[in-house]
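# Structural features, examined
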Amino acid sequence: MTTADHPWGRVDADGTVYVRTADGERVIGSWQAGSPEEALAFYQRKYEALETEVVLLEQRIAATDMAPAQAAAAVQRLIQSISEANALGDLEGLRGRLERLTEDVGHRREEAKAAREQARVQAKQIKERIVAEAEQIAAEATHWKSSGERMRELLDEWKAAPHAERAAEAVLWKRLSAARNAFTKRRKAYFATLEAEREDVRARKENLCAEAEALSSSTEWGPTTSAFRELMRKWKGAGRADREAEAELWKRFRAAQDKFFTARAEVFSAKDAALREHAEAKQQLLDQAQGLLPVSDIRSARSALRGIQERWEQIGAVPRDSREHLESGLRRVEEAVRKAEEAQWRRSNPEALARAEGTVAQLRATIAQLEDQLAKARERDDARAVRTAEEALTARRAWLEEAEHTLAEFSSLSQGDDPLGPPHSRWASRRSISS
């Protein structure tokens, strides 16, 4: 057999195949089946196969999320294969590429470790937030339905959250379990107390129903209405029984109320009808009374009004919404007749006649004095005194004309004085009745 050389090895005369490495030549096989060139080609193909594995591993590590541990194991396996490989080629170059991959994998391992640590920190923060909210609900919640739903949601969030460091997660889980148990105990205690309170409310409302039913047949409308109002106040302040009992008790209480107020309404309706008839009758009397105005004949007006007043009082009460209109209308007529009588009385009063006569006499004497003063002023030719006397005379003569007119009226009325006396004495009875 002849020899053959290759950049990375050779085949000697006895068929031994060598590969050249940094440490020198290493025997990789013995070839007897053919020419040296075929031996070189065979072992070169083995190298190419190794190189293909290295290329595929490089691509896999670069392009996928291959776990660092898995990648490191694959690199070490290939390095071991290259160290013992019976292949012809740049084995040191392949080793260098794998060592660089080892560095890359190491970086990835550190990054993965940091990421895991960050994930554990974040997971711990998430679960701490879950536990804190659960503990707050356990300590403060009073809306039991929504709080219970939120507790279940927090448990689901815990299960869905990533895992934290084992020891920390165990502590947090213990706190979460304690919060859930505390919430459950508080809720059970609340509903146990609530049930007792509702039973107490039910008993109190049954008593209120019994009282209402006892009052439902009463015909003492005013006191019983006040009593029902007080029962309703107590009902509202008693709280609530459970839903079914509350509905049944309210039905009883309402039925008792309706029975009483329906009976009262029927009675009041009959009274209202009578009161409306009274109002119509009084309106007719008021129309008659208003027909007396303006007063021309005081005696006949007073007599007619007296009859109207007597019938008015006999009719009785009227509805509240009509009372003010009717009473104020009649009071206006009474006031008009009273004023007419007072005016007549003042004119026919002897004292008033005497005052009128005195006023006329005094004015006449004053006028005589002023006329004498005017004559003397003219004799003196005192223009200022003349003017003053004339102005005073003009005023006094006007006053005298009015006073003489008043005196004439008093004189004519003094012939027919009212034998019944002053008008205020004749209105006492109506005023006492109206009040």
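Computed from a predicted model, the values in this text were never measured in an experiment. (Residues numbered from 1 in each chain as written. Predicted model: local features only at pLDDT ≥ 70, side-chain atom pairs only at ≥ 80, totals over all residues. Heavy atoms only, no water.)

## Overview of the overall build of the chain
The following threshold applies: Secondary structure is summarised from DSSP: a helix means a run of H or I of at least four residues, a strand means a run of E of at least two, and numbering begins at the N terminus for each. Exposure categories follow from relative accessible area, calculated using a 1.4 Å probe and restricted to protein chains: below 20% of the type maximum is buried, above 50% is exposed, and the middle band is partly exposed. It only takes one pair of heavy atoms within 4.5 Å for two residues to be counted as in contact. Values of accessible area rely on a 1.4 Å probe in the Shrake-Rupley scheme; residue burial ignores everything except the protein chains shown. Under the convention used here, Asp and Glu are negative, Lys and Arg are positive, and both His and the chain ends fall outside the count. Note that the charge is assigned to NZ on lysines, CZ on arginines, CG on aspartates and CD on glutamates.
Looking only at helices and strands, the chain features 12 helices and four strands. By principal-axis analysis of the C-alpha atoms, the chain measures approximately 190 × 90 × 35 Å. Out of the 435 residues in the chain, the part that is buried amounts to 31%. Intrachain contacts of the chain at a sequence separation of at least 6 include 68% that bridge at least 24 residues. In the structure as shown, the chain presents an accessible area of about 27,000 Å², 51% of it carried by carbon and sulfur atoms. The averaged location of the 75 negative side-chain charges in the chain is 5 Å from the averaged location of its 72 positive side-chain charges.

## Digging into the packing of aromatic side chains
Going by this rule: Aromatic pairing here means that ring centres of Phe, Tyr or Trp (its six-membered ring) are within 6.5 Å. Orientation follows from the plane angle: under 30 degrees is stacked, over 60 is edge-to-face, and everything else is tilted. Here, over-ring charges are defined by two tests on the NZ atom of lysine or the CZ atom of arginine: distance to the ring centre within 6 Å, and angle to the ring normal within 35 degrees.
Under the criterion given, the structure shown has 14 aromatic pairs. Taken together, a centroid distance of 6.4 Å and an interplanar angle of 75 degrees make the contact between Trp221 and Phe268 edge-to-face. Of the two residues, Trp221 sits in helix α6 (residues 221-237) while Phe268 sits in helix α7 (residues 243-290), which places them 47 residues apart along the sequence. Take Phe268: its relative accessible area is 31%, and that puts it in the partly exposed class. An aromatic cluster is built from Trp221, Phe228, Phe260, Phe261 and Phe268, whose rings are joined through pairwise contacts. Seen from the ring of Tyr18, Arg10 lies directly overhead, with NZ or CZ sitting 4.2 Å from the centre.

## Observations concerning the environment of Glu213
Topologically, Glu213 is positioned in helix α5 (residues 166-215). What Glu213 contacts, discounting residues up to four positions off in sequence, is Arg252 and Ala256.

## Some remarks on the environment of Gly96
Residue placement: Gly96 occurs in helix α3 (residues 91-140). The spacing of Gly96 and Ala265 is 169 residues in sequence and 110 Å in space, taken between C-alpha atoms.

## Describing a negative patch on the surface
Going by this rule: Excluding any residue in a salt bridge, patches collect residues exceeding 30% relative accessible area, merging like charges within 9 Å and nonpolar Val, Leu, Ile, Met, Phe, Trp and Tyr side chains within 5 Å. By definition here, a salt bridge exists when the distance from a side-chain nitrogen of Lys or Arg to a carboxyl oxygen of Asp or Glu is within 4 Å.
A contiguous patch of negative charge on the surface is contributed by Asp23, Glu92, Glu99, Glu103 and Asp104. The residue Asp23 is located in the loop between β3 (16-21) and β4 (24-30) in this model. Look at Asp23 and you get exposed, because its relative accessible area is 78%.

## Re unusual backbone geometry
Pro294 follows Leu293 through a cis peptide bond whose omega is -10 degrees. Take Pro294: it is sitting in the loop between α7 and α8 (298-315). The phi dihedral of Asp381 falls on the positive side, at around 60 degrees, and the residue is not glycine. With respect to the helices and strands, Asp381 occurs in the loop between α10 (350-380) and α11 (383-413).

## What about the nonpolar core?
To be explicit about the condition: Nine residue types can take part in a nonpolar core, namely buried Ala, Val, Leu, Ile, Met, Phe, Trp, Tyr and Cys, and a core is a set of them joined through side-chain atoms within 4.5 Å.
Within the largest apolar cluster, 29 residues are counted, with the highest numbers of intra-cluster contacts made by Leu57, Ile61 and Leu98. Sorting elements by how many residues they give to this core places helix α1 (residues 36-63) first, with eight residues. When near neighbours in sequence (up to four residues on either side) are disregarded, Leu98 contacts Val54, Leu57, Val75, Leu78, Ile79 and Ile82.

## Quick notes on the sheet that holds strand β2 (residues 9-11)
The condition is simple: Any two strands with at least two DSSP bridges between them are considered paired. Angles run from 0 to 180 degrees between N-to-C directions of axes, and those axes are lines fitted to C-alpha atoms, restricted for helices to the stretch in contact.
Reading across the sheet, the four strands line up as β1-β2-β3-β4 and stay open at both edges, with antiparallel pairing between neighbours. The sheet terminates laterally at β1 (4-6) and β4, the two strands that pair on one side only. Each neighbouring strand pair of the sheet contributes to a mean axis angle of 20 degrees, computed without reference to strand direction. Sheet topology places β2 next to β3; three bridges connect them, and they run antiparallel. By the bridge assignment for β3, Val11 is matched with Val17.

## Describing the confidence of the model for the chain
Note the threshold: A residue's pLDDT is the confidence the predictor assigns to it, expressed on a 0 to 100 scale.
Considering every residue of the chain, the mean pLDDT works out to 85; 91% of them sit at 70 or more. Between residues 416-421, whose pLDDT stays under 50, and residues either more than four places distant or in other chains, the model counts 11 contacts. A low-confidence stretch, residues 428-435 stays under pLDDT 50, and its non-local contacts, those more than four residues away or across chains, total 10 contacts.

## Quick look at the pattern of salt bridges
For the structure shown, the criterion picks out 28 salt bridges. With its nearest N and O atoms 2.8 Å apart, the salt bridge here joins Glu58 to Arg97. Within this pair, whereas Glu58 is found in helix α1, its partner Arg97 is found in helix α3, the two being separated by 39 residues in sequence. Residues joined in a network through salt bridges with shared partners are Arg129, Glu133, Arg150, Glu153 and Glu157.

## Overview of the packing of α1 against helix α2 (residues 68-83)
For the record, the criterion: When describing relative orientation, an angle under 35 degrees is termed roughly parallel and one over 145 degrees roughly antiparallel, while 65 to 115 degrees is termed roughly perpendicular and anything else oblique. Crossings are classed by handedness, with left-handed meaning an anticlockwise turn of the near helix from the far one by less than a right angle and right-handed meaning a clockwise turn.
Running from N to C, α1 and α2 cross one another at 165 degrees; their axes reach a closest spacing of 11 Å. Classified by the angle between their axes, α1 and α2 sit roughly antiparallel to one another. Read as a crossing pair, α1 and α2 show a hand that is left-handed. Touching Leu50, Glu53, Val54, Leu57, Arg60 and Ile61 of α1 are Gln70, Ala71, Ala74, Val75, Arg77, Leu78, Ser81 and Ile82, all from α2.

## A closer look at the pairing of β4
Inspection of the sheet shows β3 paired to β4 by six bridges, in the antiparallel sense. Paired with Val19 across the strands is Arg26, a residue of β4. In this antiparallel pair of consecutive strands, β3 and β4, the connection spans two residues.

## Concerning the environment of Leu400
Mapped onto the elements, Leu400 comes out in helix α11. A relative accessible area of 11% places Leu400 in the buried class. Placed 40 residues apart in sequence, Leu400 and Val360 show a C-alpha to C-alpha distance of 6.2 Å. In contact with Leu400, not counting residues within four places along its chain, are Val360, Leu363, Arg364 and Ile367.

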